[in-house]
Amino acid sequence: MMTDALQHVLPLVLSALWVTLKISALGIVIALALGLVVSLVIFLRVPILHALGNGYVAFFRNTPLLLHLFFLYFGLPRAFGILLSFETTALLGLSLLGGAYMAEAFKSGLSAIAPIQLDAAKALGLNRWQLVRYVLVPQALSYSVPALGANAIFLFKETSVFTAIAGTDITTVLINQISSVGHTDLNLTLLVLSYMGVIIPMAMLLHIIEKRVRHAEFGA
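None of these values were measured; they are calculated from a predicted model.

Calculation criteria
Residues numbered from 1 in each chain as written. Predicted model: local features only at pLDDT ≥ 70, side-chain atom pairs only at ≥ 80, totals over all residues. Heavy atoms only, no water. UniProt positions renumbered as here; feature names shortened; annotations may be inferred. Helix = DSSP H or I, 4+ residues; strand = E, 2+ residues; numbered from the N terminus. Axes fitted to C-alpha atoms, helices over the stretch in contact; angles between N-to-C directions. Parallel < 35°, antiparallel > 145°, perpendicular 65-115°, else oblique. Left-handed = near helix turned anticlockwise from the far one by under 90°. Contact = heavy atoms within 4.5 Å. Nonpolar A, V, L, I, M, F, W, Y, C, P; charged D, E, K, R; others polar. Salt bridge = Lys/Arg side-chain N within 4 Å of Asp/Glu carboxyl O. Buried < 20%, exposed > 50% of the residue type's maximum accessible area, 1.4 Å probe, protein only. Phe/Tyr/Trp six-rings, centres within 6.5 Å; stacked < 30°, edge-to-face > 60°.

1. Let's talk about the UniProt feature "transmembrane region" (unreviewed entry) in the protein chain
Inference 1: UniProt's feature table lists "transmembrane region" (unreviewed entry) at residues 20–44, 56–76, 82–103, 131–156 and 188–209, given in the numbering used throughout.
Inference 2: In this annotation, residues 20–44 is assigned 96% helix and 0% strand; the end-to-end C-alpha distance for the span is 36 Å.
Inference 3: As annotated, residues 56–76 comprises 86% helix and 0% strand, and the C-alpha atoms at either end are separated by 19 Å.

Okay, structure coming up:
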């Protein structure tokens with residue numbers, strides 16, 4: 001009986017896990033890019049934009065992803081007639097939330113750069129773009145690796161909230177299976193294993209990257 005249930009649900013699990021992986025991977029990449037841009041705007045105190053950047057970070061770091069998803073999925077159609085698919089809603093919500101957390105991580109990395117390096121770069125005649133490209137971004141990335149990795153894992157775990165908008169992610173699919181066919185123990189076990197099967201290798205990979213970055217920078 002349990003074997004039959006497993007054979008029935010396994011294809012659904014693999015398909016739903018792929019959807020979750022796809023959304024989370026794209027969301028993390030977009031969040032990294034958005035966070036880097038926002039952190040640079042704030043660090044360089046670009047007029048007007050730096051205030052908007054601070055507002056964006058404060059808002060999304062202090063409001064739950066669930067609220068963002070509800071607004072995007074249910075609020076936009078009612079208020080503006082904009083109807084988003086499940087995957088678009090999930091990706092947008094995760095990217096906006098992640099961008100705020102990544103911006104904070106990059107800001108800490110930028111703050112760790114010695115001011116004398118910025119003075120030296122200016123003395124060499126580097127313009128703002130060259131300063132960003134050759135001095136700020138490489139070092140900020142190096143300093144921020146641990147925080148960026150932790151944020152990436154956090155964002156993947158946040159995909160469990162997608163069940164609030166009834167999509168095709170792994171959590172929603174398995175909860176629906178419990179509601180429709182039962183086998184609670186089996187489905188919950190598969191859900192835990194699915195997340196562990198992604199998070200543990202991700203954590204190990206990020207640990208290796210962090211060690212290599214530290215070795216390249218400090219030689220130990």
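From this point on, the discussion continues.
2. Side note on the packing of helix α3 (residues 65–80) against helix α4 (residues 86–111)
Geometrically, a packed helix pair is captured by the angle between its two axes and the distance between the axes.
Inference 1: Remark: α3 packs on α4, axes separated minimally by 9 Å, with the N-to-C direction vectors making an angle of 140 degrees. Looking at the two axes, α3 sits oblique to α4. Note on packing geometry: the crossing formed by α3 with α4 is right-handed. Of the residues in α4, those touching α3 at Leu65, His68, Leu69, Leu72 and Tyr73 are Phe86, Thr89, Ala90, Leu92, Gly93, Leu94 and Leu97.
Inference 2: Grouping the amino acids of the contact of α3 with α4 by side-chain chemistry returns nine nonpolar, three polar and no charged.

3. Some details on the side chain of Gln139
Inference 1: Its place among the elements puts Gln139 in helix α6 (residues 128–158).
Inference 2: Sequence-distant contacts of Gln139, defined by excluding residues within four places in its chain, comprise Ile113 and Gln117.

4. As for the pattern of salt bridges
Inference 1: Taken as a whole and judged by the stated rule, the model has two salt bridges.
Inference 2: Measuring nitrogen to oxygen at the nearest pair gives 3.0 Å for the salt bridge that ties Glu104 to Lys107. Linking Glu104 with Lys107, this pair stays in helix α4, spanning three residues, or about one helical turn.
Inference 3: With a relative accessible area of 27%, Glu104 lands in the partly exposed category.
Inference 4: The partly exposed category is assigned to Lys107, whose relative accessible area is 23%.

5. Examining the packing of aromatic side chains
Inference 1: A complete count under the given rule lists seven aromatic pairs for this structure.
Inference 2: With 5.1 Å between their ring centres and 55 degrees between their planes, Tyr56 and Phe60 make a pair best called tilted. Of this pair, Tyr56 and Phe60 both sit in helix α2 (residues 49–61), four residues apart, which is roughly one turn of that helix. The same class applies to Tyr56 as to Phe60, namely buried.
Inference 3: The rings of Tyr56, Phe59 and Phe60 are connected pair by pair, giving a single aromatic cluster.

6. Things to note about the packing of α4 against α6
Inference 1: Contact pair α4 / α6: the axes reach a minimum separation of 8 Å and the direction vectors enclose 145 degrees. Helix-helix and strand crossings are classified by hand; for α4 and α6 the assignment is right-handed. On α6, the residues that touch Leu94, Leu97, Gly98, Tyr101, Met102, Ala105, Phe106, Gly109 and Leu110 of α4 are Leu136, Ala140, Leu141, Tyr143, Ser144, Ala147, Leu148, Asn151, Ala152, Phe154, Leu155 and Glu158.
Inference 2: Looking at the contact of α4 with α6 residue by residue, the classes come out as 16 nonpolar, four polar and one charged.

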